[in-house]
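# Breakdown of the fold
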Amino acid sequence: MRYRVLIVDDQTVSRQLFERIIRDSDRYETAASIDSAGMADAYCAREKIDLVLMDIVMKDGSDGLEAAAHIRKSYPNIRILMVTSMFDAALLKTAREAGADSFWYKEVQDRPMLEVMDRTMAGERVWPDEAPVTPIGNAASSELTEREIDVLRCLAEGLSDRECAEKLVVSVAAVRYHIGNLFEKTGFSSRTELVVAAVRSGLIIPGGKRWN
C-alpha cells in the first residue's frame with residue numbers, strides 16, 4: 001500500500017522537489033499538488049489523503065497554519081507535515097498548536113524529507129529543537145534578543161514607536177532603545193533596510209504577519 005500525499009506549496013520548485021521525492025519512493029504517491037492552502041480542505045474532502053505536506057506562507061494570502069488546524073479538526077487521521085523557508089521561531093510553537101505532526105525547514109535539511117515523512121507516518125512527531133540561525137546584515141539571528149525580534153515584527157507591521165510600545169507593553173523609550181541596538185548589531189541605518197533584510201532572511205513573516 002502506498003500513502004497518498006497532498007502537496008500544498010506556492011513555490012513551483014518546492015512542489016517539483018516533493019513530487020520527485022514521492023515519485024522515487026515505493027511508499028508514497030502524489031494525490032494532488034496545489035499552490036494554495038485555501039484549497040487544501042476541499043482536496044481532503046474528496047480525495048483519500050494520508051499525509052499533507054503543508055507550506056506556511058502562500059503568495060495568495062492563504063495561511064498554511066490555519067489550513068492545518070482545520071484539517072486536524074475535520075480529518076484527524078490525516079498526518080500533517082509543515083514545510084517552510086521562514087525561520088520565525090514563533091512558527092514552531094504555533095504549528096504545534098495547530099495540530100501539525102512534524103515540521104521541516106526547506107533551507108536547512110538536517111534530515112532527509114523522506115525520513116521525516118516515514119517517521120511521521122509511523123506515528124512519530126519530528127520537530128527541530130529551534131529555528132535555524134540566519135544572517136541579517138552584520139549579525140546572526142541568534143545575536144538578536146527576543147524583544148528585539150518583537151520590535152522588528154512591529155516595524156514590519158508598519159507600527160509607530162508608540163503603537164509598538166502599547167502592543168509590547170513597554171515604554172516608547174524602550175522601543176527606540178531596541179531599534180538602536182538593532183541598527184548597531186546589523187549595520188543598517190534605516191528602518192526600511194532593516195525590515196527588508198529581516199523579511200528576506202526569513203526571520204520575519206512578510207507584511208508583519210504573526211500567528212499567536
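Since the model is a prediction, treat every value here as computed from it, not as a measurement.

### Some words on helix H3 (residues 64-74)
Buried within H3 we find Gly64, Leu65, Ala67, Ala68, Ile71 and Arg72. Burial along H3 is one-sided: seen end-on, the buried residues are contained in an arc of 160 degrees. Turned more than 90 degrees away from the buried face of H3 sit Glu66 and Lys73, all of them exposed. Structurally, H3 contributes buried residues whose contacts are with helix H2 (40-46), strand E3 (51-55), strand E4 (79-84) and helix H4 (90-98). Between a side-chain oxygen at the N-terminus of H3 and the backbone nitrogen of Leu65 the separation is 2.8 Å; the capping residue is Asp63.

### Comments concerning the packing of helix H6 (residues 146-156) against helix H7 (residues 161-168)
Packed helix pairs are characterised by how far apart their axes lie and by the angle those axes make with each other. Two elements in contact, H6 and H7, have axes whose closest approach is 10 Å; the angle formed by their N-to-C orientations is 130 degrees. On the basis of their axis angle, the class for H6 and H7 is oblique. As H6 packs across H7, the resulting crossing turns out to be right-handed. Here Arg147, Asp150, Val151 and Cys154 of H6 lie close against H7, whose contacting residues are Cys164, Lys167 and Leu168.

### What to know about the side chain of Arg15
By the secondary structure assignment, Arg15 is in helix H1 (residues 12-23). With residues near it in sequence (within four places) discarded, Arg15 still touches Ile7, Asp9, Asp10, Ser33, Ile34 and Asp35.

### With respect to the layout of surface pockets
Gaps left between atoms are located by rolling a probe of water-molecule size over the structure's atoms. Computed from the structure, the largest pocket encloses a volume of approximately 350 Å³. Around the largest pocket, the lining comprises 16 residues; the ones closest to its centre are Ala89, Ala90, Ala131, Ile149 and Arg153. No other element matches the four residues that H6 contributes to the lining of the largest pocket. Residues of the lining of the largest pocket, tallied by class, amount to eight nonpolar, two polar and six charged. Reported here for the second largest pocket is a volume of approximately 160 Å³. The wall of the second largest pocket is formed by ten residues, among which Asp10, Gln11, Asp55, Val57 and Met86 lie closest to the centre. In the lining of the second largest pocket, the residues fall into three nonpolar, three polar and four charged.

Rules of the game
Residues numbered from 1 in each chain as written. Predicted model: local features only at pLDDT ≥ 70, side-chain atom pairs only at ≥ 80, totals over all residues. Heavy atoms only, no water. Buried < 20%, exposed > 50% of the residue type's maximum accessible area, 1.4 Å probe, protein only. Helix = DSSP H or I, 4+ residues; strand = E, 2+ residues; numbered from the N terminus. Arc of directions from axis to C-beta. Contact = heavy atoms within 4.5 Å. Polar contact = N/O pair within 3.5 Å; in protein donor to acceptor, adjacent residues only side chain to side chain. Axes fitted to C-alpha atoms, helices over the stretch in contact; angles between N-to-C directions. Parallel < 35°, antiparallel > 145°, perpendicular 65-115°, else oblique. Left-handed = near helix turned anticlockwise from the far one by under 90°. 1 Å grid on protein atoms, 1.4 Å probe; cavity = no way out; pocket = protein on both sides within 12 Å on 5 of 7 lines; lining within 4 Å. Points joined across faces, edges and corners; volume = space filled by probe spheres on them. Nonpolar A, V, L, I, M, F, W, Y, C, P; charged D, E, K, R; others polar.

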